[in-house]
Amino acid sequence: LNVDGAFKKTSSEAGGGGILRDHDGNMCCAFAKVYHGLNSSLAAGAFALRDGLLICSSRGVSEVLVETDSLNLLHIVTGQLPCPWELTCILQDVTAKTQNLKAEITYAP
């Protein structure tokens, strides 16, 4: 699962998406969403991560390797950085999903 989020400060637009591939690299599904009320690419990335993990869950995926280009998001999810208060709820969802799915999150610049 590769996820990414984006935020455009000048218009306060946020969105995210991802692609799920099987063990051979074949695309299983992809998604893209607009996120309202966010104020950073970090938040958009967190929402994209949550939505990607939800898709994995709904498809019966039991183990997943997640790639993100947000080193800050990786460090927050793995407990190396404190979680910003405005992302606490969404990242609690992410933490619960990563444990249920046996997910490993990695940095892919």
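Going by an unreviewed UniProt entry, the chain carries the name RNase H type-1 domain-containing protein and comes from Colocasia esculenta.

Quick notes on helix α3 (residues 88-101)
When the terminal C-alpha atoms of α3 are compared, their 20 Å separation across 14 residues agrees well with the 20 Å that a helix rising 1.5 Å per residue should span. Of all the positions in α3, only Ile90, Leu91, Val94, Thr98 and Leu101 are classed as buried. Viewed end-on, α3 has its buried residues packed into an arc of 95°, placing them on one side of the element. Of the residues in α3, the exposed ones pointing more than 90 degrees away from the buried face are Cys89, Gln92, Gln99 and Asn100. In this fold, the buried residues of α3 make contact with α1 (41-58), β4 (64-68), α2 (71-77) and β5 (103-107). Two residues or fewer past α3, Lys102 is found with a positive phi of approximately 55°.

A short note on unusual backbone geometry
Non-glycine residue Ser12 carries a positive phi angle of around 55°. Relative to the assigned elements, Ser12 resides in the loop between β1 (2-8) and β2 (13-21). For Ser12, a relative accessible area of 48% gives the class partly exposed. In this model, Lys102 sits at a positive phi of 55°, which is unusual for a non-glycine residue. You can see Lys102 is positioned in the loop between α3 and β5. Residue Lys102 is classed as exposed on the basis of its relative accessible area, which comes to 60%.

Details of the packing of aromatic side chains
Within this structure, the stated rule accounts for 1 aromatic pair. Ring centres 5.4 Å apart and planes at 50° place the aromatic pair Tyr35 and Phe47 in the tilted group. With Tyr35 in strand β3 (residues 27-35) and Phe47 in helix α1, the pair connects residues that are 12 residues apart, well separated along the chain. For the pair formed by Tyr35 and Phe47, the shared burial category is buried.

Reading the values: the criteria
- Residues numbered from 1 in each chain as written.
- Predicted model: local features only at pLDDT ≥ 70, side-chain atom pairs only at ≥ 80, totals over all residues.
- Heavy atoms only, no water.
- Helix = DSSP H or I, 4+ residues; strand = E, 2+ residues; numbered from the N terminus.
- Expected span 1.5 Å × (residues − 1).
- Buried < 20%, exposed > 50% of the residue type's maximum accessible area, 1.4 Å probe, protein only.
- Arc of directions from axis to C-beta.
- Contact = heavy atoms within 4.5 Å.
- Phe/Tyr/Trp six-rings, centres within 6.5 Å; stacked < 30°, edge-to-face > 60°.

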